[in-house]
Amino acid sequence: MADFSHILAQMGDFGPFQKKLVLLCSIPLIPFSFALAGSVFLSMTPDHWCAFPEAKRLLNECGWTQAHVMEYTIPRSGESFCHCERFEMNLSRWTCDDVYQHLVSKEAQVAPCNGEWEFNSSHSTIVSEFSLVCNMSWKAGLNHIMLRSGLLFSGFITGHMSDRFGRKPCFIGFMFFLGIAGVGVMLSPWYPLLLLFRFLQGFFERGAWTSGYVLLVEFVGPNYRKFVALMTSLFYDMGMVALPGLAYFISSWRTLQLILTLPWFLFIPYYWMVPESPRWLLAQRRNSEAMKIVAKVAKCNGRTLSQNLEEVTHLEKRSTAHPLSLLVLVKTPVLRQNTLILIYIWFSAGFVFHGLILHQVEAEKNLYLEFLVPSAMRFPVGFIIYMMVDRVGRRHFLAGTCLIGGIYCFAAPFIFTEHTWGKNAMKTIINMALSALLKTLFFANAELYPTNLRNLGLTVCSSSFDVAIMAAPFLHHWLTDIWPELPFCIYGVITVVNCGLVTLLPETKGVVLPDTVDEMEDLRRKENQSTEESFSMACVGGVARSQHPSV
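Residues numbered from 1 in each chain as written. Predicted model: local features only at pLDDT ≥ 70, side-chain atom pairs only at ≥ 80, totals over all residues. Heavy atoms only, no water.

A. The arrangement of the overall build of the protein chain in detail. When its secondary structure is counted, the protein chain shows 26 helices and 6 strands. Evaluated residue by residue, the protein chain yields a buried proportion of 54% over its 551 residues. For the protein chain, the accessible surface area stands at approximately 25000 Å², while carbon and sulfur atoms represent 64% of it. (Helix = DSSP H or I, 4+ residues; strand = E, 2+ residues; numbered from the N terminus. Buried < 20%, exposed > 50% of the residue type's maximum accessible area, 1.4 Å probe, protein only. Areas by Shrake-Rupley, 256 points an atom, 1.4 Å probe, with all protein chains shown as cover.)

In structure tokens form, the structure reads like this:
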């Protein structure tokens, strides 16, 4: 009787077929980054001021410039013009000379805007089109919250769907509906309708991303999973670097949204190009379908399957031992420990990561450059992971990134307090450590669950990342009001706690992916036994050396 690891070895664990599949499943990561981060530019708030009813008359009849109109109709707040106030006056019956004398005297009272604003005309955004400023500015944040809410809600639905109905239909279907939702955002004439489509974008985004990644991981051997993670993250980073350039040169938010959405429809041919995961098919007792795909993969890889290769039957007996529900993730001791630790790590990583973004936004003025630099720094992080993660192991690498990030978070408020370059260097190191943590955590999370729970475990655990991002702005502003540098101290505590919790997870370096819950439990027991044996041998060796110093 053979299990899937034996089948994978015979058909080839990383041949031409897997290389082609890696490329096919990595390309969608570029538009994935657009859908996830595009709202940063689509919803940015351009410079704005109150619309003055007589502005056109002053410009056309009186020969005023826009600068003169603003100078005499908009009050100042320090060196800049007020965004939400104007001088209250009615100039409809006055001549141009009377208007000038009256405005120069500045005897008019200051009043709030009358519901209309003028915006910087260089770029149109969702905020400028729907006037989401001043007393309506809270609505602008709903765009991002609805996207994250969709991602969060998706974690409890799409993971279950992928584990029940298959990786391939969810991967391809969710990408198609993600395109439909993106077009809906672009065509929305009303803001509430736009928010609905933004929620659907988040919902389909997580479902497609995790389904595609799990499909890819289940086709390769344990020694190549880090390469898969590097390639997918590389394409995602390419999208993140390209995004600010697209946003800078495309001035209309609707045009930008369309450009970011159209690539999704290019993946419809994947239905005929990407096969279903044979590992998942075997777990669903669809052995004949699985073996047909295995034969095609082996032929593409130039491998020959043995004549006596048996269909996997032990999975048939055990695949229904645990029904697919959220409670399964906490049913056994190992599942419960892994799930709770991973949920906390994802939550804390999201809280710290988004908190640092908020800190940078408050300090920087150029949104495009501020977005580009951290995105470009992701590339060296990916290669560091590739070189280190198999040498030191997933667990130690995750612990190391948490420790480095925590130390620098603690140090940031007290070092280089008078030097901007020092602060920026600190933030860069922290961002790189967090980026390494998130990249490694994504594929390590998938390795810690059996086949019939892999997608569900990944989506549910990573959903806490979205909860943290929604909560981060409120906690960040509250902590900043107490002490501007207090958030860094809290981030340091959180990441150091992560460092300890990560060591409680099992090591998956070079380990065959478990197909059932029982195999995962056995993996943990074997690791514990190996640790105990190593400890016992070390103790015995120490006693022997103490009794025989010459040894």
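B. Looking closely at the packing of aromatic side chains. Applying the stated criterion across every chain, the model contains 28 aromatic pairs. With 5.5 Å between their ring centres and 15° between their planes, Phe 41 and Tyr 368 make a pair best called stacked. Of this pair, Phe 41 sits in helix H4 (residues 39-42) while Tyr 368 sits in helix H20 (residues 367-376), and the two are 327 residues apart along the sequence. A relative accessible area of 3% places Phe 41 in the buried class. Taking 5.9 Å as the distance between ring centres and 45° as the angle between the ring planes, the aromatic pair formed by Trp 209 and Phe 442 counts as tilted. (Phe/Tyr/Trp six-rings, centres within 6.5 Å; stacked < 30°, edge-to-face > 60°.)

C. Fine view of the environment of Gly 457. Looking at the secondary structure, you find Gly 457 in helix H24 (residues 454-482). Sequence separation of Gly 457 and Leu 329 is 128 residues, and the distance between their C-alpha atoms is 6.8 Å. Setting aside residues up to four positions removed in sequence, Gly 457 forms contacts with Leu 329, Asn 445 and Tyr 449. (Contact = heavy atoms within 4.5 Å.)

D. Spotlight on the nonpolar core. The biggest cluster of nonpolar side chains holds 138 residues, and the ones touching the most others in it are Met 11 and Tyr 213. Residues contacting Tyr 213, with those up to four places away along its chain left out, are Val 228, Ala 229, Thr 232, Phe 442, Phe 443, Ala 446 and Leu 458. (Core = buried A, V, L, I, M, F, W, Y, C linked by side-chain atoms within 4.5 Å.)

E. Inspection of the pattern of salt bridges at higher detail. One pass over the structure, following the stated rule, counts 12 salt bridges. Residue Lys 226 pairs with Asp 390 through a salt bridge whose shortest N-O separation is 3.6 Å. Residue Lys 226 is found in helix H13 (residues 225-249), and its partner Asp 390 is found in helix H21 (residues 378-392); the two are separated by 164 residues along the sequence. Residue class for Asp 390 comes out partly exposed when judged on its relative accessible area of 21%. Here Glu 289 makes a salt bridge to Arg 286, at a shortest N to O gap of 2.9 Å. Taking the relative accessible area as the measure of exposure, Glu 289 reaches 35% and is therefore partly exposed. Among the charged side chains, a network of salt bridges with common partners joins Arg 225, Lys 226, Asp 390, Arg 394 and Glu 447. (Salt bridge = Lys/Arg side-chain N within 4 Å of Asp/Glu carboxyl O.)

F. Summary view of helix H25 (residues 486-502). The end-to-end C-alpha separation of H25 is 25 Å, in line with the 24 Å expected for 17 residues at 1.5 Å each. Residues of H25 that are buried include every one of Leu 486, Pro 487, Phe 488, Cys 489, Tyr 491, Gly 492, Ile 494, Thr 495, Asn 498, Cys 499 and Val 502, and no others. (Expected span 1.5 Å × (residues − 1).)

G. Just unusual backbone geometry, in detail. Positive phi, close to 55°, is recorded for Ser 131, a residue that is not glycine. Secondary-structure assignment places Ser 131 in the loop between helix H8 (126-129) and helix H9 (137-155). Here Cys 134, not a glycine, exhibits a phi torsion of approximately 55°, which is positive. Residue Cys 134 is classed as buried on the basis of its relative accessible area of 18%.

H. Structural context of helix H3 (residues 29-37). Counting buried residues in H3 gives 8 out of 9 residues, a clear majority hidden from the surface. Taken together, the buried positions of H3 are occupied by Leu 29, Pro 31, Phe 32, Ser 33, Phe 34, Ala 35, Leu 36 and Ala 37.

I. Representation of the state of the cysteines. Going through the model one piece at a time under the given rule, you end up with 2 disulfides. The disulfide bridge from Cys 50 ends at Cys 113, spanning 1.6 Å between sulfur atoms. Residues Cys 50 and Cys 113 are joined by a disulfide whose S-S torsion is about -65°; by sign, that bridge is left-handed. Here the residue Cys 50 occupies a position in strand S1 (residues 48-50), and Cys 113 occupies one in the loop between strand S5 (109-112) and strand S6 (117-119), the gap between them amounting to 63 residues. Of the two residues examined, Cys 50 and Cys 113, each falls in the buried class. Paired by a disulfide, Cys 84 and Cys 134 hold their sulfur atoms 2.0 Å apart. Handedness here is read from the sign of the S-S torsion; for Cys 84 and Cys 134, about -100°, the answer is left-handed. Residue Cys 84 is found in the loop between strand S3 (80-81) and strand S4 (85-88), and its partner Cys 134 is found in the loop between H8 and H9; the two are separated by 50 residues along the sequence. (Disulfide = S-S within 2.5 Å.)

J. How the structure looks around the environment of Leu 305. For Leu 305, the position within the fold is in the loop between helix H17 (287-300) and helix H18 (314-318). Note: C-alpha distance between Leu 305 and Val 294 (11 residues apart in sequence) is 8.9 Å. Residues in contact with Leu 305, not counting those within four places in the same chain, are Gln 10, Met 11, Val 294, Ala 295 and Ala 298.

So far we have only geometry, and geometry alone does not tell us how the molecule works.
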